[in-house]
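Chain residues, written in single-letter form:
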Amino acid sequence: MNGLLAVWNDCDAPVLERYEHWYMNEHLPDRVGLPGVQQGVRYETTNSSPQSASPRFFTSYDLDDVNVLEADAYQEALRNPTLDTQFVMAHFKNMCRTIAQLVAHEGRCAGAWVVTLRLGKMQGLDTPKYADIDAWREVLRHHAPSAACRWRLYESVLSKPPAGGASRVAAPSPESRFRPGTDAVAHGVVVIEHLRASDAHHTLTQWLSLPDVQALLDPSDAVDEFIEMARLDARALPGATG
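Residues numbered from 1 in each chain as written. Predicted model: local features only at pLDDT ≥ 70, side-chain atom pairs only at ≥ 80, totals over all residues. Heavy atoms only, no water.

On inspection of all chains with the given rule, the structure shows 3 cavities of 30 Å³ or more. Roughly 110 Å³ of internal volume is contained in the largest cavity. What lines the largest cavity is a set of 13 residues, and nearest its centre among them are Val 7, His 27, Met 89, Met 95 and Glu 175. Listing elements by their share of the lining of the largest cavity, those giving two or more residues are β1 (3–11), α1 (16–32) and β4 (92–106). Along the lines of polarity and charge, the residues of the lining of the largest cavity split into 8 nonpolar, 1 polar and 4 charged. (1 Å grid on protein atoms, 1.4 Å probe; cavity = no way out; pocket = protein on both sides within 12 Å on 5 of 7 lines; lining within 4 Å. Points joined across faces, edges and corners; volume = space filled by probe spheres on them. Helix = DSSP H or I, 4+ residues; strand = E, 2+ residues; numbered from the N terminus. Nonpolar A, V, L, I, M, F, W, Y, C, P; charged D, E, K, R; others polar.)

This is the structure:
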């Protein structure tokens, strides 16, 4: 889980059924089938009226390292997506796509109730807004969300361009040309996992209200709550070993 590909998005309601079929039968297996992608997990908002919530969906892909996305197979899929992908992508809304490297973490067990923090914004604003990643790491280490079973802090690859030249991972996704608008990119991402809804509620109401946390939160940062819908482990795919 040293790398993360995180996607927050909405989808036009009239094509939601096709969106779900595409995600579960084509997109998720294709992405998780790439070398170095450990698993893909799909989440939906916990809002009681999901059709009115934004973002409604969150998808996370755990990577051996962000550099696995440099692979020719992945880049080719981005450049030449299937017709179904092109159709569905045209109905994405409020897209945030962030590729990030692990900075710090605590806990081993995954939880179904997830709170995500999108800190700062590298793309999607006229002027980039940066989060203090070092300060977030210290706060999480000294004031960890006590109701969580696991938390992870990531920093976007855009914040530290590679020294050896251009990186396809740091470049905008070629697939974005099929989506309306411009993909946003968060500078920092915090993923906090919980066993129960009450635990996530504690994080949202108690941990987020701590003075040290409030001091770091910017009004433009996004805090959202989701529940797991589906999880696909690379080891479950045909031909997988281990």
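From this point on, the discussion continues.
In this section: the side chain of Arg 97. By the secondary structure assignment, Arg 97 is in strand β4. There is no salt bridge for the buried Arg 97, and the closest opposite charge comes from Asp 183, which lies 5.4 Å off by N-O distance. Reaching out from Arg 97, the side chain makes a polar contact with the side chain of Tyr 74 at a distance of 2.8 Å. Leave out the neighbours within four places in its chain, and Arg 97 touches Leu 5, Ala 6, Val 7, Tyr 74, Leu 78, Ser 173, Arg 179, Asp 183, Ala 184 and Val 185. (Buried < 20%, exposed > 50% of the residue type's maximum accessible area, 1.4 Å probe, protein only. Lys, Arg positive; Asp, Glu negative; His and termini not counted. Salt bridge = Lys/Arg side-chain N within 4 Å of Asp/Glu carboxyl O. Polar contact = N/O pair within 3.5 Å; in protein donor to acceptor, adjacent residues only side chain to side chain. Contact = heavy atoms within 4.5 Å.)

For the structure shown, the criterion picks out 9 aromatic pairs. Three or more aromatic residues link up through ring pairs in this structure, and these residues are Tyr 19, Trp 22, Tyr 23, Phe 57 and Phe 92. The cationic tip of Arg 18 hangs over the ring face of Phe 87; the distance from NZ or CZ to the ring centre is 3.7 Å. Above the plane of the ring of Tyr 23 lies Arg 42, whose end atom (NZ or CZ) is 4.2 Å from the centre. (Phe/Tyr/Trp six-rings, centres within 6.5 Å; stacked < 30°, edge-to-face > 60°. Lys NZ or Arg CZ within 6 Å of the ring centre and 35° of its normal.)

Following the sequence through the fold, Arg 152 ends up in strand β6 (residues 150–156). Overall, Arg 152 belongs to the buried group, its relative accessible area being 2%. Polar contacts involving the side chain of Arg 152 include one to the side chain of Asp 62, which spans 3.1 Å. Polar contacts involving the side chain of Arg 152 include one to the side chain of Glu 193, which spans 3.0 Å. Not counting residues up to four positions away in its chain, the partners in contact with Arg 152 are Met 1, Asp 62, Leu 102, Ala 104, His 105, Val 189, Val 190, Val 191 and Glu 193.

As far as function goes, none of this settles anything; it's purely spatial.
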